Amino acid sequence: MTENTQQSPTPAGAEPSNSAHADLPTQYVPAEVEEKLYERWVERGYFEADAKSDKPPYTIVIPPPNVTGSLHLGHAFEHTLIDALTRRKRMQGHETLWQPGMDHAGIATQNVVERELAKEGKSRHDLGREAFVERVWQWKSESGGQISGQMRRLGDGVAWSRERFTMDEGLSRAVQTIFKRLYDDELIYRAERIINWCPRCLTAISDIEVEYADQDGELVSIRYGAGPEDPDSIVVATTRAETMLGDTAVAVHPDDERYAHLVGTEIELPLTGRRIPVVADEHVDPGFGTGAVKVTPAHDPNDFEIGRRHDLPSITVMDEHAIITAHGPFQGLDRLEARSAVVGALRAEGRIVAEKRPYVHSVGHCSRCKTTIEPRLSMQWWVKVGPLAQAAGAAVRDGRVAIHPKEMESRYFGWVDNLHDWCISRQLWWGHRIPIWYGPDGETVCVGPDEEPPAGEGWHQETDVLDTWFSSGLWPFSTLGWPERTESLEKFYPNSALVTGYDILFFWVARMMMFGLYAMDGTPPFSEIVLHGMVRDEHGKKMSKAFGNVVNPLDWMDRYGSDAVRFTLARGANPGVDVPIGEDWVQASRNFANKVWNATRFALMNGATVEGGLPAPEELSSTDRWILSRLNTVVAEVDAYYDDYQFAKLSDLLYHFAWDEVFDWYVELSKTTFAAGGGAARASARVLGEVLDTTLRLLHPVMPFVTETLWTTLTGGESVVIADWPSDSGFRDTAAEQEIATLQQVITEVRRFRADQGLQPGQRVPARLTLEGTGLAVHEAAIRSLLRLQPAGEDFRATASLPVAGAKVELDLSGAIDFAAERKRLAKDLAAAEKELAQTTAKLGNEGFLAKAPDHVVDGIRARREQAEADIARISAQLEALPQV
RNA sequence: GGGCGCAUAGCUCAGCGGUAGAGCGCUGCCCUUACAAGGCAGAUGUCGGCGGUUCGAACCCGUCUGCGCCCACCA
């Protein structure tokens, strides 16, 4: 962009000036303006939020991206929505905060840095904890900038001065504070349980970090007992044969008569020489398999519960790498090697009585590295979620928090109502270290943020860190300074809306609800939860590296501009539904941006202005009144869509209003007015200025860059970022709307005729217009211009007559006309109209319909019948007007 | 095993009780002095199948088929 965006506007009443558009090239080139505009916005502080402001607050926090990552189209999509919401609210006069920041993303980040180390042939253990963490910080400082750079490219209007990181000192303090409070309230505790263990990441993970997938396995049935001849042997089935090394019982249902005599006895566990008890437990389904279950308390969550009920020992047979530790021939084998080795050994003993393979069952995998999860008995820290989850459910049930789209509520309730305690400890080095200190005599002390850890011999801090979602759960208030009661916290908490993908409803949203309600004395963290879908490719397929359909948004932004990418994403954003996106569609959006650009250029060339008040309606042409009436309707509709988070609807509406109505009709109709000059031209120039000014402001939240360039050029205003959001003036002119609709009908019909006749679009045709009684007389010049009609000369000889909507257009086609084709076409139209007439007449003769249908429907049918009658008359007249061949 | 959702034009999707829509794609004509990244005109659908409710169903109910997603201690 050049300096002239800062020029003062065309003076009121001046002749159309060419100065403003002089430097606007004929095509919009995003790369030339976007970066400069963004830097200007930031320099001027438009995106900063003032806690002291007396404007009403509007707050949205960024779903913090992983520091090590880079933005993908999903982020671009999410940011487009958030940015659009906040930009609109800013224009509406709110003190707007779009809180930026990033997440330390515990496991994910640690994995990335470990991979880097692996390239150097090192492991984190070679560095040691301290050096490793230092290395991660270094990595963070290198890659964190990448994301903010991408956000700038996107045009994200975030308050950069407030950028936060979940491992910041302040946020760490928030973590420590809430941990301490939860601990003191006995909502955090330590317990030994079966947890989901990732043998690759070497840490516990929570239930929702496990992804289940159907997988082929082998179900083997094993005879426990003295041997095949033993009448009291019991057959059990398993897909994880290696765990039998840790079996400490066989369980049967208490009512199962087949096994009743064995309950309380002991049975031989093959391969081990051990004898294990047979217990009766309700959990066993007597109808499944043989009705008997092997029990491995140390390696299966169900078995753990059974073991607890029957006071069974737990025998751990695998280490943290899932290598067999049990003494014997299997020691040192990996779990899969052990599985086949155990089955082989059992088979050799004749103890395998049945095998079923493939046997499809659901297997859990680490969501971070896809390694098969190994249930493992271990000591971990837990959040007792009962009371927290109940409050989180209640806040939505009683309407304090709304979920959009509403269908997602059932998922939310299903989760918070059936939540198991949350395992929050991770055996990682990157993260918030749990503020617990253990004493020499087994004491446990939770250390608050301002407290000194216990000193002295034998005290040491817990080595585990917290689940990364523990800190992101505090994000809506930790970023505002909590636990301090800062001005920002007072001003911007609760947040207004929370915009994020439905995929992290449980991971993040539910946790924020729980922590927000708990930490902020029952005030939910936000009042609206807006869940968007996932970005997919143009065929609706998930984007993934494996499919090779991953798109780098920067690539598209480079080629088509940020506005095009944003507009495409917004236009696909139906609530809660996945959004497919393809390059063709981005091109279409780029074309739209270019269209807006050129329409504004045209307007400027014709003196469009925003100076002075709008002329009174009675001083305006019906064309002007029509577009102003439509404009205000659109303003109201866009507002309604925004309030309902209907981004696709509002984008589509603006696209069609701008392109179809303003550019293709209003601008075209106004060309003759501008050409004629005078008062009417000045009035239209003012109206066009008004329409563009408003349309650009309406478009700005979804297309910030092109609208900024054009709006400042058009209005001379400082920036559309801080312009007022348009409001519906209430002006409506249905008569003008009707008149223009008729005008459009006439023009379309004649154009159709011309096209059917093979007349070249630019070819001038002598014509006589009869417009009396149609109300269209004032539009004669425009009609002639749009239809390329010349005045009828002395030798005028009409060869085609088109009566349309009461108007009559006689064309002198000098014999070039294809009457047969036209007759055929009109006959087809006539048949359609007659069918319509028959249908509507039948309907109006239906007593049930008349009795039960609402008035407006009946009136609608009447109108259709009248229209059909009119069409028949019109087409008949056209047919008659055709010369007989 | 439980729950939710989706099947509408070639593709991707709106519409969710009263004449079947959009974008892209497609066909024809045009560089009509803002824009060919454009203009004008046009073609295209037994709204997944079968029943039912209704004066009227793409829309409501039932059912079948095919997909997708979420949840679950599927030994």
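Residues numbered from 1 in each chain as written. Chains lettered and ligands numbered in written order. Predicted model: local features only at pLDDT ≥ 70, side-chain atom pairs only at ≥ 80, totals over all residues. Heavy atoms only, no water.

Once that is clear, we can look at the protein's contact with RNA strand B. Taken together, 62 residues sit near RNA strand B, with Ala237, Val293, Asn302, Ser362 and Lys852 positioned nearest. Aspartate 664 is positioned with one of its side-chain polar atoms (N or O) 3.4 Å from a phosphate oxygen of RNA strand B. The side chain of arginine 751 places a nitrogen or oxygen atom 3.1 Å from a sugar or linking oxygen of RNA strand B. Counting residues per element, the surface near RNA strand B draws most heavily on helix α17 (residues 583-605), at 12 residues. When grouped by side-chain class, the residues that make up the surface near RNA strand B number 25 nonpolar, 17 polar and 20 charged. (Near = heavy atom within 4 Å. Polar contact = N/O pair within 3.5 Å; in protein donor to acceptor, adjacent residues only side chain to side chain. Helix = DSSP H or I, 4+ residues; strand = E, 2+ residues; numbered from the N terminus. Nonpolar A, V, L, I, M, F, W, Y, C, P; charged D, E, K, R; others polar.)

To continue, consider the pairing of strand β29 (residues 807-811). Here is the key point about a regular strand: its side chains alternate between the two faces of the sheet. Burial analysis of β29 places four of its five residues in the buried class, which makes it a mostly covered element. In terms of strand pairing, strand β26 (residues 765-770) meets β29 through four bridges, oriented antiparallel. Residue pairing across strands places alanine 767 opposite leucine 811, the latter belonging to β29. Relative to β29, strand β28 (residues 800-804) runs antiparallel, the two being bridged by five bridges. Pairing of leucine 802 across the sheet is with valine 809, part of β29. Two successive antiparallel strands, β28 and β29, enclose a turn made up of two residues, where alanine 805 displays a positive phi of approximately 50 degrees. (Buried < 20%, exposed > 50% of the residue type's maximum accessible area, 1.4 Å probe, protein only. Pairing = 2+ DSSP bridges.)

This next bit is on the packing of helix α18 (residues 622-643) against helix α19 (residues 647-676). One can describe the packing of α18 onto α19 by two numbers: an axis separation of 10 Å at closest approach and a directional angle of 170 degrees. When the axis of α18 is compared with that of α19, the two are roughly antiparallel. Packed against α18, whose contacting residues are Thr623, Asp624, Trp626, Ile627, Arg630, Leu631, Val634, Glu637, Val638, Tyr641 and Tyr642, the element α19 presents Phe647, Lys649, Leu650, Leu653, Leu654, Phe657, Glu661, Val662, Trp665, Tyr666 and Leu669 at the interface. For the contact of α18 with α19, a count of residues per class yields 16 nonpolar, one polar and five charged. (Axes fitted to C-alpha atoms, helices over the stretch in contact; angles between N-to-C directions. Parallel < 35°, antiparallel > 145°, perpendicular 65-115°, else oblique. Contact = heavy atoms within 4.5 Å.)

Attention shifts here to the pattern of salt bridges. Within this structure, the stated rule accounts for 52 salt bridges. With a closest N to O distance of 3.0 Å, aspartate 450 and arginine 173 form a salt bridge. With aspartate 450 in the loop between β19 (444-446) and β20 (460-461) and arginine 173 in helix α6 (residues 169-184), this residue pair connects regions lying 277 residues apart in the sequence. Residue aspartate 450 is classed as exposed on the basis of its relative accessible area of 62%. Judged by its relative accessible area of 26%, arginine 173 falls in the partly exposed class. Taking the shortest distance from any N to any O, the salt bridge between aspartate 578 and arginine 536 comes out at 2.6 Å. (Salt bridge = Lys/Arg side-chain N within 4 Å of Asp/Glu carboxyl O.)

Moving on: helix α2 (residues 73-91). Counted at 1.5 Å a residue, the expected span for α2 with its 19 residues is 27 Å, and the 26 Å between its end C-alpha atoms agrees. Of all the 19 residues making up α2, 18 are buried; the element is thus mostly covered by neighbouring parts of the structure. Immediately downstream of α2, the backbone of glycine 93 shows phi near 95 degrees, a positive value. (Expected span 1.5 Å × (residues − 1).)

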